[in-house]
Amino acid sequence: GAVVSQHPSWVICKSGTSVKIECRSLDFQATTMFWYRQFPKQSLMLMATSNEGSKATYEQGVEKDKFLINHASLTLSTLTVTSAHPEDSSFYICSASGDYLLAGSTDTQYFGPGTRLTVL
Amino acid sequence: AQRVTQPEKLLSVFKGAPVELKCNYSYSGSPELFWYVQYSRQRLQLLLRHISRESIKGFTADLNKGETSFHLKKPFAQEEDSAMYYCALSLSGGYNKLIFGAGTRLAVHP
């Protein structure tokens, strides 16, 4: 249980194009979703936190106009990298927390498998 | 500022040896700490959380507020324990933001 999926698992795009990454909670309602970025051999860096139906809260240094986050439903959040450039190439990971019915896990984050973005 | 420090990038041990992965935190609020594990080519998954006080796969971790530490321990390492381990701090005050440490790669050799 508590499965989070991401689509696509990898994407290659040309510089200047936009890329959308989906994050879905498959068997629970995710009241909060988180987007992270992970560079090779480095830790996860939180980019933004989103709650269903409201605007995302971005971490300091993350451009909200570049990384558009939409959390339109309790099972889906999307991250759109607009006008992507090679420096945006990274591994993007989402996580979700919500009302999964396991004792003590209502605030646990469940992670997706990640999406590798390569911008040429 | 909130911070999680994992001083070791790599911990290499032999099978059957005890393991301790260090984690120290800096946070003025009431800390909630987690250990996440990432096996090769798999997603990040929760290993244990301090409020549960449980042992998962033989691993335990005790929160020491005096030393601001949450070290992960296992008395006898197994080869299948080889993975990347991340210590994480959850910030109180809403939305359960996680601050991750840099991670420690545990390599257990036969």
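What counts, and where the lines are drawn
Residues numbered from 1 in each chain as written. Chains lettered and ligands numbered in written order. Predicted model: local features only at pLDDT ≥ 70, side-chain atom pairs only at ≥ 80, totals over all residues. Heavy atoms only, no water. Patch = residues over 30% accessible without salt bridge, like charges linked within 9 Å, V, L, I, M, F, W, Y side chains within 5 Å. Areas by Shrake-Rupley, 256 points an atom, 1.4 Å probe, with all protein chains shown as cover. Salt bridge = Lys/Arg side-chain N within 4 Å of Asp/Glu carboxyl O. Helix = DSSP H or I, 4+ residues; strand = E, 2+ residues; numbered from the N terminus. Core = buried A, V, L, I, M, F, W, Y, C linked by side-chain atoms within 4.5 Å. Buried < 20%, exposed > 50% of the residue type's maximum accessible area, 1.4 Å probe, protein only. Contact = heavy atoms within 4.5 Å. Pairing = 2+ DSSP bridges. Axes fitted to C-alpha atoms, helices over the stretch in contact; angles between N-to-C directions.

Novice: So, a nonpolar patch on the surface: which residues are in play, and what are the values?
Specialist: Side chains of Trp10(A), Ile12(A) and Leu120(A) sit close together on the surface and give an oily, nonpolar patch of about 390 Å² of accessible area. Structurally, Leu120(A) can be placed in the segment after β11 (115–119).

Novice: Account for the nonpolar core, naming residues and giving values.
Specialist: One finds Phe67(A) and Leu117(A) to be the most contacted residues of the largest nonpolar core, which totals 27 residues. In this view, Leu117(A) contacts Val11(A), Cys13(A), Val19(A), Val81(A), Asp88(A), Ser89(A), Ser90(A) and Tyr92(A); residues no more than four positions away in its chain are not counted. Membership of the second largest hydrophobic core comes to 26 residues, among which are Leu11(B), Val13(B), Tyr25(B) and Leu91(B).

Novice: How would you sum up the sheet that holds strand β8 (residues 76–81) of chain A? Please name residues and give values.
Specialist: Each strand in a sheet pairs with another by means of backbone hydrogen bonds, the pair being arranged parallel or else antiparallel. Residues and elements named next belong to chain A. Sheet architecture is open: four strands sit in the order β1-β3-β8-β7, paired in antiparallel fashion. Each end of this open sheet is capped by a strand with a single partner; those strands are β1 (4–7) and β7 (67–73). The mean inter-strand angle of the sheet, taken between neighbouring strand axes irrespective of direction, is 15°. Relative to strand β3 (residues 19–25), β1 is paired through four bridges, and the arrangement is antiparallel. Looking at β3, one finds that Val4 is bridged to Ser25.

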